[in-house]
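Coordinate inspection notes
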Amino acid sequence: MKFREIISSVLAVVAVVGAFAIPFAYQKQRMTSDHNVRTITLTGLAPQGIWTQDEVNGGNYWKAHFKPAELNLKAGEQIRLILRSADVVHRFYMPQLGIGPIELVPGHTEVVNFKADKEGIYPYYCTAVCGDCHFHMLNMRGLVAIGKEIDTKTAPIINEPLCMVNITSDLPSFTDITQKGHFLFQTRGCVTCHGVDGAGGIPNFNYVRGTVPALNTLASKMSLGSKDEVEAFTKALEIKEGPAKDKPEPGLSNWPLSFAQYQSVVKTIEGGSPPLKADPNGPEPPLFMPSWKENLDHEQINSIIAFLISEQKFEEHTGWGN
Amino acid sequence: MSEAINPNLTPQSVPSPVPIPAVVRSAPTPLTPPPAREGWRIDLLKMFPLLKWVVKQRWFQFVVILPNLFLFLVFLAAGIWGTPVGNRNILIVFVWIFWWFLLISAMVPFLSRIWCTVCPFPFFGEWIQRGSLTTPKMATPGAKGTKIGINRYFGLNLRWPKALSNIWMQNIGFLGLCTFSAFYLTRPIVSVIVLGSLIVVATVLHVIYRQRAFCNYVCPVSGFLSLYAMSSMTEVRSKDADVCLKCHDKSCLVGSERGWGCPWFNFPSKMERNNYCGMCMECIKSCPHDNMTVNLRPFAADTKLKGYDEAWKAFIMLALALAYSVIYLGPWAFFKNLANYTESGVGLPAFIGYALALWALPMVIIPSIFSAFHWIARKVAGAEPKPWKESFLLMAYPLVPLGLLAWIAFSVPLIFINGSYILVTMSDPFGWGWDLFHTAHTAWSPVVPQLMPTIQVFIMALGLILTLKSTFKQAGKVYEDAKAKVRFAAPMAIFYTAIVLLFIQLYVN
C-alpha cells in the first residue's frame, strides 16, 4: 500500500511538472535541431501594425506593447524564417528576395528557408488588408538588412502610427514632388499591393486580371508619350491647385485626353475601386483599392501621380530612324 | 436548502453491534428503504465483470484523473504561452468546443456525472485533505488528522455552513461566468484565469471544509451537472434495499479501509437521485456486501426537484441555452458585440445593459412566465391542489430534459462546424508549428452545415416529446383525478411547447 502510494505520488508530481516542462523541452529540441541555421520568428500584429520578433502568446497579447522587428542578417547566413500571425490573416511578402506572398492564418505557422546571400536592404510587407494599421507594416521596421546596417537617416522613417484612419504624421520636407510621391507610395501602403515602384504583379485571388495592376505605365495611359511630356505634366501637378482643364500645360500633345485620364486616376484613388471577379460566383478578391479620400489630400495624390508617371520607361530615341 | 445533499453526513440511527461513529450516531433520520424505482434497470457491473474489477480497484480514480490532469495542465500552459488566437489554442478548442460538446451531449445524458470522476479541479485539494491518492486513511487514536466516520482527514474539516448548503452559489457562479463568456471563449488567458481559479478555490475549500464541499456547493460546472444528471441513463445505486437495512457497517457513509466514506455527503444506500453523486465509486469499493452497483436505466428516470435552488438552476440553464443560441449562433452582430464589448467597442454601459438582461431572463422573466402558467394551471384544474411549492417543483421538472436537449441542440453546431479545429490543435496545441499527428494543416471544414437546422429541429422536437410526456406524468403527481390532471397539465404543456417553438424558430431562421 505504501509502495502504491509512493508510486502514485511520484506519478502525480511527474504529471504536474511534465505538463509544463514537456512542451517547452520539445519546442526547444525542434528549434535547435540544426545549429547551422539561424531561426527567426516574425509575428504579425494587426493592432500595432507591426511585425515583431518578440514572443507573442495568449498570456501577453492583450496587454503588452511589442517591439518592431529589426532584422540584421549576416551575408551568407542560412535562415529559417518562422512566420506567424497573432490575430488576423496577414500575407507576408518580401518581393526582392522572392519570398511570398505567404498567407498567415492566425495561429498557424509557416516556415521559409532561404540563404541571405544577396547583400542589400529589402522591405517586406503585409499584403492583406489586415486592419486599420495594415499599412504601418511596411515602415523601416519592415526592412531586412543583409550584410549591411540599416541607415536610419536614409531609410524611410515613420515615427507615428500610420493607421488608415489616423494618418496625421508630418511628412519630411521634400523639394521634389516626385520624391515626395515616392515616399508616400512607399509609406502609405500603395507599395504593398502595387509592388515595388508600382510594378504590380501581386496575385489577387479571383481578380479578373489575376494580379494587381502595375502603375508604372500610367504615363502611357495618360497619353504622355515622352519624358518631356511627363515633365510637363509634372509641372502642372506641382501647382498647388493641381492641373485644371482650362489651363493646358504647354508641351503636351493631347491635353484633354491626359487631363481626363488624370481625373479618372484621382477619382479612383479618392473613391477606391472594387476588384472585378474572374469567377462571378467565386469569393471576393482579397485585395481591393480602398478609398483614400480621408487619408491623402489633393497635393499628396498629385505627388503620387507625379511619382508614378516618372516610373514610365520610354524607349531611347536615337534619331537614326530605328 | 436542497434536501438531497446531506451536509452533515447524514446518518441514520440503526441498531448496530459495532460502534457507530459520533457523526453517524447524532443523525436523526431513521433508516428507511429507498423509494421504489421507476422503470427498468440493468446492472452494468454484473454484466461486465471486468468493469466491476476495474472500478473496485483503489487506483481506479487516480488512474483516470491523472492523464486528464496532465492534459488539463498542458491546456493551461497553452493558454498562457500558446497562440493568442482562440480557435488555434488547444485550451479554447478542447475545453469550450470539444469538452463542452462531449459533456453535454454524451457524458451527461448517458454517463451521469462521469466527468466528476475524472475532474482535475479537486485533485490537489483532495490529495491534501486525504493525505493520500489511492489508499484510505483510517482513524486511529492519537493519529494526526481529523476523524470523520472511520476515515481520517487532514485540514480543518469544518462543516459547510448550513445556510449555503444548496446550489444557489453554483447558480450565481454559473450565471456570472456566462455573463463574461465571450471573454474566455476568445481569449486563452481569460480561460486560464477562470479555470485556474477553480483549481485554487477547490484546493483552498478542501483544506477548510469537509470532503467535496467545493464540488457540491461551489463548482459552477457541478451545478448544472447535478441538474442534468437526473436525466442520465446511468446511476450508482444499491442493489438490494434489504441488504442496506440490515447492514451494520454503513461503510458507504463512514468509510472503511476499502474505501472512503462518500465524499459527496450522500448516504449511498438511500440515494434516490443522481444529482449529488459524483460517481467516484468509493461506495462500490467500501460496501462489504457488494451491494452497490452501476445501473443502466431509462432516460430521465429521476423526476424530483427538491428545492427552488434546483428549479432556478433549470430556469438558468434553459435561459442561457436560449440566449447563447441568439448570441453565438444567430446572425445578429449586435448581440455578439454586446457580449464581447471590449473588442467591439460598444462601451461599458451597453455591456451592463446586456448583463442585466442576461440575468433578468433566467432569474425573473422566465420564472415569472412559468409561475403565471402554473397559477393558471392550478386555477384551470379546479380540484384541490397540492401546496404551491410542491406543484411548482413538480411541474418545473420537465425543464430538465427540455434544457438538456436545448443545450445539445445548441452544442451540435459547435462540433460540426468547428470540429476541424480539434484536429488542428491536437497536432499543434500551442500554435508553435508542431504537427504531432499530421493534422495541423487541416483546413476549416464544417461538416454538413446545411443539415444543422434540421438536426437542431429534430433534437428540439425530441425534447418536446419528452417534455410533454414528463409534464403529464408530473401533473399526475399533483392531481390524482384524471380530468384535473389534464386540465392542470394543458397550460404547462402550452408553456413548454411555446419555448420549443421559440428555439425551433431561432434555429430554422
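Just so you know, these numbers come straight off a predicted model, no measurement behind them.

This part is about the overall build of chain B. Broken down by element type, chain B carries 24 helices and seven strands. Residues counted as buried form 59% of the 509 residues belonging to chain B. For chain B, long-range pairs separated by at least 24 residues make up 78% of all intrachain contacts whose partners lie at least 6 apart in sequence.

With that settled, the discussion passes to the confidence of the model for chain A. Reading fine detail from the predicted coordinates is not recommended where pLDDT is low. Residue and element names in this part refer to chain A. In this model, chain A carries an average pLDDT of 80, and 81% of its residues clear a pLDDT of 70 or more. Confidence, read as mean pLDDT per element, is least for strand 10 (residues 143-146) in chain A (66) and greatest for helix 7 (residues 298-310) (94). This stretch, residues 156-168, has a pLDDT under 50; its non-local contacts, to residues over four places away or in other chains, come to 33 contacts.

Quick look at the interface of chain A and chain B now. Tallying the contact residues gives 34 residues for chain A and 37 residues for chain B. A buried area of about 3,000 Å², summed over both sides, lies between chain A and chain B, and 69% of it is on carbon and sulfur atoms. On the chain A side of the interface with chain B, the three residues burying the most area are A:Arg4, A:Glu5 and A:Trp62, jointly 18% of the side's total. For the pair chain A and chain B, the number of links is zero salt bridges. Linking chain A with chain B are 17 residue pairs in polar contact (both at pLDDT 80 or more), by the criterion used here. Broken down by secondary-structure element, the contributors of at least two residues to the side of chain A that touches chain B are helix 1 (2-31) and strand 4 (77-85) of chain A.

Moving on to the sheet that holds strand 5 (residues 90-94) of chain A. Residue and element names in this part refer to chain A. Strand order in this open sheet of three strands is 6-5-9, and the pairing throughout is antiparallel. What marks the edges here is a single partner per strand, and that holds for strand 6 (99-104) and strand 9 (125-126). With four bridges connecting them, strand 5 and strand 6 associate as antiparallel partners. By the bridge assignment for strand 6, Met 94 is matched with Ile 99.

Time to look at the nonpolar core. Counting residues in hydrophobic clusters, the biggest one holds 139 residues, and the most contacted among them are B:Leu103, B:Phe121, B:Phe224, B:Tyr228 and B:Trp407. Counting the residues that make up this core, at least three belong to each of domain 1 (42-228) and domain 2 (314-508) of chain B. Grouped together as the second largest cluster of nonpolar side chains are 36 residues, A:Cys190, A:Leu218, A:Ala219 and A:Phe307 included.

As a further point, take helix 20 (residues 388-396) of chain B. All of the buried residues along helix 20 of chain B are B:Ser391, B:Phe392, B:Leu393, B:Leu394, B:Met395 and B:Ala396. Those residues of helix 20 of chain B hidden inside the fold are in contact with helix 16 (308-329), helix 19 (348-381), helix 21 (399-418), helix 23 (452-478) and helix 24 (482-508) of chain B.

This brings us to the pattern of salt bridges. Residues and elements named next belong to chain B. Counting across every chain of the model gives 17 salt bridges over all chains. Where Lys 306 meets Glu 272, a salt bridge forms, and the shortest distance between an N and an O atom there is 2.8 Å. In this pair, Lys 306 sits in the loop between strand 7 (292-296) and helix 16 while Glu 272 sits in the loop between helix 14 (251-254) and helix 15 (282-286), placing the two residues 34 residues apart along the sequence. Its relative accessible area of 13% is what places Lys 306 among the buried residues. Residue classification places Glu 272 among the partly exposed positions, given a relative accessible area of 34%. Here the salt bridges share partners, and the residues they tie into one network are Arg 41, Glu 235, Arg 237, Arg 297 and Asp 302.

In this section: the environment of B:Trp99. All names here are of chain B. Mapped onto the elements, Trp 99 comes out in helix 5 (residues 90-111). For Trp 99, a relative accessible area of 13% gives the class buried. For Trp 99 and Trp 115, which are 16 residues apart along the polypeptide, the C-alpha to C-alpha distance reads 9.9 Å. Residues within four places of Trp 99 in sequence aside, it is in contact with Phe 94, Trp 115 and Val 221.

Here we come to the packing of aromatic side chains. In this structure the tally under the stated criterion is 58 aromatic pairs over all chains. On the numbers, 5.9 Å between centres and 55° between planes, the contact of B:Phe183 with B:Tyr341 is tilted. In this pair, B:Phe183 sits in helix 9 (residues 181-186) while B:Tyr341 sits in helix 18 (residues 341-344), placing the two residues 158 residues apart along the sequence. Comparing B:Phe183 with B:Tyr341, the two get one shared label, buried. Taking 5.7 Å as the distance between ring centres and 40° as the angle between the ring planes, the aromatic pair formed by B:Phe430 and B:Trp434 counts as tilted. A network of ring pairs unites the aromatic residues B:Trp96, B:Trp99, B:Trp100, B:Trp115, B:Phe174, B:Tyr184, B:Phe224, B:Tyr324, B:Tyr328, B:Trp407 and B:Phe410 as a single cluster. Directly above the ring of A:Trp62 sits B:Arg187, whose terminal nitrogen or CZ lies 4.0 Å from the centroid.

About the criteria used
- Every chain is numbered independently, its residues counted from 1 as its sequence is written.
- Here every chain gets a letter starting at A, and every ligand a number starting at 1, in the order they are written.
- Selection of residues for local features in this predicted model requires a pLDDT of at least 70, selection of side-chain atom pairs for listing and counting requires 80 or more, and totals for whole chains, interfaces and linings are taken over all residues.
- Each side-chain value is derived from all of the structure's non-hydrogen atoms; neither hydrogens nor water enter the calculation.
- The helix and strand labels rest on DSSP assignments: H or I over at least four residues marks a helix, E over at least two residues marks a strand, and numbering proceeds from the N terminus.
- Burial classification: accessible surface area is computed with a 1.4 Å probe over protein chains only, and a residue below 20% of its type maximum counts as buried, one above 50% as exposed, and the rest as partly exposed.
- Contacts were defined at the residue level, with two residues in contact if any of their heavy atoms lie within 4.5 Å.
- In predicted models, pLDDT denotes the confidence assigned by the predictor to each residue on a 0 to 100 scale.
- By definition, the buried area sums, over both parts, the 1.4 Å-probe accessible area that each loses when the two are put together.
- Salt bridges are counted wherever a side-chain nitrogen of Lys or Arg sits within 4 Å of a carboxyl oxygen of Asp or Glu.
- We define a polar contact as two N or O atoms separated by no more than 3.5 Å, with the added condition that, inside protein, one atom must be a possible hydrogen donor and the other a possible acceptor, whereas residues neighbouring each other in sequence contribute only through side-chain atom pairs.
- By the convention used here, strands pair only if DSSP detects at least 2 bridges between them.
- Put simply, buried Ala, Val, Leu, Ile, Met, Phe, Trp, Tyr and Cys residues joined by side-chain atoms within 4.5 Å make one nonpolar core.
- The start and end points of each domain follow an automatic or database-based domain assignment.
- Classification of ring pairs rests on two measures: the distance between centres of Phe, Tyr or Trp rings, Trp counted by its six-membered ring, which must be within 6.5 Å, and the angle between planes, read as stacked under 30 degrees, edge-to-face over 60 and tilted in between.
- Remark: a charge is flagged as sitting over a ring if the NZ atom of Lys or the CZ atom of Arg is within 6 Å of the ring centre and within 35 degrees of the ring normal.

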